[in-house]
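# Per-entry structural report
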Amino acid sequence: QVRLVESGGGLVQPGGSLRLSCATSGIIFSAYAMAWYRQAPGKQRELVAVISSNGRTTYADSVKGRSTISRDNPKNTVSLQMNSLKPEDTAVYYCKARYINSDYWGQGTQVTVSS
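### What about the environment of A91?
Here A91 shows up in strand β9 (residues 91-99). Discounting residues that sit within four places of it in the chain, A91 has contacts with R38, Q39, A40, T109, Q110 and V111.

This is the structure we're talking about:
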């Protein structure tokens, strides 16, 4: 079966950093585009960052310059390094894998930015 498991979330102070990771299994990882989404309470899920199968990256304006998405194909993992965190970054962060018409989602990991 396909599994995507996020980790690395938690409570961090404003200005701090977190590194989220998504471990995958059951897919040919190198063929998939990988993305991070987030959803705050009462808000729509929004795209945070994307990395294509060939390593191209795209970021939402809200995190551009503060975040880096990367992939480690031999380890079948994708990560999101987040720096200079703000309270408005508080959300559940989800990992997604996409190849052609197949999408898979992780269960999410909570990120809370608060003093």
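### Some remarks on the sheet that holds strand β3 (residues 18-25)
Strand order in the open sheet made by the 4 strands is β1-β3-β8-β7, with antiparallel pairing throughout. Edge positions in the sheet fall to β1 (3-7) and β7 (67-72), since each of these pairs with one other strand and no more. When strand polarity is set aside, the average angle formed by the axes of neighbouring strands in this sheet is 15 degrees. Sheet analysis places β7 next to strand β8 (residues 77-82), joined by 6 bridges and oriented antiparallel. Across the sheet, S70 pairs through a bridge with S79, a residue of β8.

### Observations concerning the state of the cysteines
The tally for this structure, following the rule as stated, stands at 1 disulfide. Through a disulfide, C22 is tied to C95; the S-S separation comes to 2.2 Å. Judged by the sign of its S-S torsion, about -85 degrees, the cystine formed by C22 and C95 is left-handed. Within this pair, whereas C22 is found in strand β3, its partner C95 is found in strand β9, the two being separated by 73 residues in sequence.

### Concerning the pairing of β9
Taken together, the 7 bridges between strand β4 (residues 33-39) and β9 define a ladder with antiparallel strand orientation. Residue pairing across strands places A35 opposite K96, the latter belonging to β9. In the sheet, β9 pairs with strand β11 (residues 109-113) via 3 bridges, with the strands oriented antiparallel. Looking across to β11, one finds that V92 is bridged to Q110. Of the pairings in the sheet, the one linking β9 to strand β10 (residues 102-105) comprises 4 bridges and is antiparallel in character. From the neighbouring strand, A97 faces β10, where its bridge partner is Y104. Counting the residues between successive antiparallel strands, the hairpin from β9 to β10 contains 2 residues, one of them, I100, with a positive phi of roughly 55 degrees.

### So, the packing of aromatic side chains
Under the counting rule described, the total for this entry stands at 4 aromatic pairs. Here the aromatic rings of Y32 and Y99 are separated by 5.5 Å at their centres, their planes lie at 45 degrees, and the arrangement is tilted. Of this pair, Y32 sits in the loop between β3 and β4 while Y99 sits in strand β9; the two residues are 67 residues apart in sequence, bridging distant segments of the chain. Using a relative accessible area of 8% as the deciding quantity, one classes Y32 as buried. Summarising the aromatic geometry, the rings of Y94 and W105 are spaced 6.4 Å apart at their centres and angled 80 degrees between planes, so their arrangement reads as edge-to-face. With Y94 in strand β9 and W105 in strand β10, this pair connects stretches of sequence that are 11 residues apart. Overall, Y94 belongs to the buried group, its relative accessible area being 14%. Across the ring face of F29, the terminal group of R71 is positioned such that the distance to the ring centre comes to 4.5 Å.

So, how was this worked out
- Residues numbered from 1 in each chain as written.
- Predicted model: local features only at pLDDT ≥ 70, side-chain atom pairs only at ≥ 80, totals over all residues.
- Heavy atoms only, no water.
- Helix = DSSP H or I, 4+ residues; strand = E, 2+ residues; numbered from the N terminus.
- Contact = heavy atoms within 4.5 Å.
- Pairing = 2+ DSSP bridges.
- Axes fitted to C-alpha atoms, helices over the stretch in contact; angles between N-to-C directions.
- Disulfide = S-S within 2.5 Å.
- Phe/Tyr/Trp six-rings, centres within 6.5 Å; stacked < 30°, edge-to-face > 60°.
- Buried < 20%, exposed > 50% of the residue type's maximum accessible area, 1.4 Å probe, protein only.
- Lys NZ or Arg CZ within 6 Å of the ring centre and 35° of its normal.

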